[in-house]
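Inside the fold
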Amino acid sequence: NHLLENVIKSDLNYKNINQFDSAIVLGAGSSTGLNKKSIIEYHKQNKSIIISASYNYDFIQPDYVYVTDKEKLLEQFRKIKCNLIIRKFLTNIINKNEMKDITDHMNFIKKNIYYIGSEKSSPGTRESKVCQCKSNTIEINSAGEFNYHHFGVCGLGAIICSSVFRPKTLLIVGFDGPNF
């Protein structure tokens, strides 16, 4: 239990996230790999926060990796070297040993786990509707919290998560189809 107490686990919101003027969201598409030098240069020039959808890249270290489903989380967590953002409902479907392994890894690398969405939601991530909300918008409350649980695919969720950092500019790369 001692290891579990060192990792901060909290909701992703304005209270525990600093504001950045610039953010980069990295998707899994081929343009991410094709534009490595430009991404690195943009990051250096703008001191951007980097949020990656599902993967920890070798050419640039993300500040956060956003993961939407259990299989991807269990496949990728040991490769993650930064803070982790997961959908809150995953805490209900990941068994205690798996969650302990994830938490131990995050403790070892001295990074945190942030939750987004509702713990009462279902595991579906690829619905045709982005969210269950009024007027086809995704609302963020005054505390910087999302009350929704269906953000579409992981890349779209990473873009939505970037709004919590309140960037003035947002560079989105890798949304041209997965490149495995």
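Structure shown above.
Residues numbered from 1 in each chain as written. Predicted model: local features only at pLDDT ≥ 70, side-chain atom pairs only at ≥ 80, totals over all residues. Heavy atoms only, no water.

**Focus on the side chain of Ser48**
Note that Ser48 resides in the loop between α2 (36-46) and β3 (49-53). With a relative accessible area of 3%, Ser48 lands in the buried category. Aside from chain neighbours lying at most four places away, what touches Ser48 is Ser22, Ala23, Ile24, Tyr42, His43 and Asp63. (Helix = DSSP H or I, 4+ residues; strand = E, 2+ residues; numbered from the N terminus. Buried < 20%, exposed > 50% of the residue type's maximum accessible area, 1.4 Å probe, protein only. Contact = heavy atoms within 4.5 Å.)

**Some words on the sheet that holds strand β1 (residues 9-11)**
Read from one edge of the open sheet, seven strands run β1-β6-β5-β4-β3-β2-β7, paired in parallel fashion. Every interior strand has two partners, whereas the edge strands, β1 and β7 (169-173), have only one. For this sheet the average axis-to-axis angle between neighbouring strands, irrespective of direction, equals 25 degrees. With four bridges connecting them, strand β2 (residues 22-26) and β3 associate as parallel partners. Each residue of the ladder has a partner; that of Val25, found in β3, is Ile51. Helix-sheet contacts for helix α5 (residues 96-108) involve β1, β5 (83-87) and β6 (113-116), and the interaxial angle to β6 is about 125 degrees. (Pairing = 2+ DSSP bridges. Axes fitted to C-alpha atoms, helices over the stretch in contact; angles between N-to-C directions.)

**Observations concerning the packing of aromatic side chains**
Centre-to-centre distance and the angle between the planes together describe a pair of aromatic rings. Across all of its chains, the model carries five aromatic pairs by this definition. When the centroid spacing of 6.2 Å and the interplanar angle of 65 degrees are considered together, the rings of Phe20 and Phe165 count as edge-to-face. Within this pair, whereas Phe20 is found in the loop between β1 and β2, its partner Phe165 is found in the loop between α6 (154-162) and β7, the two being separated by 145 residues in sequence. (Phe/Tyr/Trp six-rings, centres within 6.5 Å; stacked < 30°, edge-to-face > 60°.)

**Description of the side chain of Asn83**
Among the secondary structure elements, Asn83 is positioned in strand β5. Discounting chain neighbours no more than four positions away, the residues touching Asn83 are Asp63, Tyr64, Val65, Met106, Lys111, Asn112 and Tyr114.

**A short note on the environment of His105**
Here His105 lies in helix α5. Looking at His105, the relative accessible area reads 13%, which means it is buried. Through-space distance from the C-alpha of His105 to that of Lys81 is 9.1 Å; in sequence the pair is 24 residues apart. Look past the residues within four positions of His105 in its chain and what remains in contact with it is Phe77, Arg78 and Ile80.

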